[in-house]
Amino acid sequence: MFVLSELKDTVRIAPELFNLKLPEAIKDEINRKLANKVLYNVGLCIALQNIVSLGDSIILPGDGASHTEVIFRYIVFRPIIGEVITGKIRSCSREGVHIILGFFDDILIPPAVLQHPSRFEETEQAWVWEYPLEDGGKHDLFMDIGENIKFRVTGENFEEASPVGGQTAEKNNLPSMSSSSTGDVSKTPYKIFGAINESGLGLLSWWAHDNANAEDDEGDEESQDNENT
């Protein structure tokens, strides 16, 4: 779910920060610039891991700040396709089930990959799994807001940054920053798609009984082994 990305940037340190040690000032500036931002085709930046190397610091004409070329490693949120993650239901719409992880809320499970058959209840604003019963009937299982849900990551989508953000990133050898970080909030810079149409996925409460039985079976096996020894 989290990866380390090696990035390169030219970091500007203002004169009023010259009293700080250069590595500390650079760390603070990198985190200020990148934390909670989306880099195009990289992911959501979380925190600086470490600085790999520092180049020479220069002062440009007409600017009293120092400029230092830095190579660093950053912790980034970018789940692997096929990875299983647990989140919470933020809302439901005809578009699908919207999931939140606490620090990231642009996750969508489209209707086609919900448990089958499912329907959308307009009055409740919730998706419902029509769970088939042995007698041929069905039992409605509602996907309510706030419920814990386990899903498999099936895809991702990055939106290009605005021209201003793209030019700045290209100059500093960074991938483009997200549109939201450059003032354009009309686009979702990074979106994850998931699926729950397989056994064991979906609301944790759906499988609680099965999980409890599995734990009981494991406990019985351990007890028998202990008795045999």
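Look a little higher up for the structure.
Residues numbered from 1 in each chain as written. Predicted model: local features only at pLDDT ≥ 70, side-chain atom pairs only at ≥ 80, totals over all residues. Heavy atoms only, no water.

Caption draft 1: The arrangement of the environment of tryptophan 129 in detail. Here tryptophan 129 is to be found in strand 9 (residues 126-132). Between the C-alpha atom of tryptophan 129 and that of phenylalanine 142, which follows or precedes it by 13 residues, the distance is 6.5 Å. Apart from residues no more than four positions distant in its own chain, tryptophan 129 is found in contact with Gln115, His116, Pro117, Ser118, His139, Asp140, Leu141, Met143, Trp206 and Trp207. A polar side-chain atom of tryptophan 129 sits 3.5 Å from the main-chain carbonyl oxygen of histidine 116. (Helix = DSSP H or I, 4+ residues; strand = E, 2+ residues; numbered from the N terminus. Contact = heavy atoms within 4.5 Å. Polar contact = N/O pair within 3.5 Å; in protein donor to acceptor, adjacent residues only side chain to side chain.)

Caption draft 2: Quick look at the pattern of salt bridges. Throughout the structure, instances matching the rule amount to 13 salt bridges. Between arginine 78 and glutamate 156 there is a salt bridge whose closest N-O contact spans 2.6 Å. One end of the pair, arginine 78, is in the loop between strand 4 (66-77) and strand 5 (84-93); the other, glutamate 156, is in strand 11 (residues 148-158), with 78 residues separating them in the sequence. Classification of glutamate 156 by relative accessible area gives partly exposed; the value is 28%. The closest approach of N and O atoms between glutamate 122 and arginine 94, which form a salt bridge, is 2.7 Å. In this pair, glutamate 122 sits in the loop between strand 8 (118-121) and strand 9 while arginine 94 sits in the loop between strand 5 and strand 6 (96-100), placing the two residues 28 residues apart along the sequence. Residue class for arginine 94 comes out exposed when judged on its relative accessible area of 55%. Each of Arg119, Glu121, Glu130, Lys138 and Asp140 takes part in a single network of salt bridges with overlapping partners. (Salt bridge = Lys/Arg side-chain N within 4 Å of Asp/Glu carboxyl O. Buried < 20%, exposed > 50% of the residue type's maximum accessible area, 1.4 Å probe, protein only.)

Caption draft 3: Expanded view of the sheet that holds strand 4. Strand order in the open sheet made by the 4 strands is 1-4-3-2, with antiparallel pairing throughout. The sheet is open, and its two edges are formed by strand 1 (2-13) and strand 2 (38-39), each paired on a single side. Pairing between strand 1 and strand 4: 12 bridges, direction antiparallel. If you follow isoleucine 13 over to strand 4, its bridge partner there is serine 66. Sheet strands in contact with helix 1 (residues 22-34) are strand 1, strand 2, strand 3 (43-59) and strand 4, and its direction is about 135° off that of strand 3. (Pairing = 2+ DSSP bridges. Axes fitted to C-alpha atoms, helices over the stretch in contact; angles between N-to-C directions.)

Caption draft 4: Just the packing of aromatic side chains, in detail. On inspection of all chains with the given rule, the structure shows 12 aromatic pairs. In this structure an aromatic cluster arises from ring pairing among Phe2, Tyr40, Phe77, Phe103, Phe104, Phe158 and Tyr190. (Phe/Tyr/Trp six-rings, centres within 6.5 Å; stacked < 30°, edge-to-face > 60°.)

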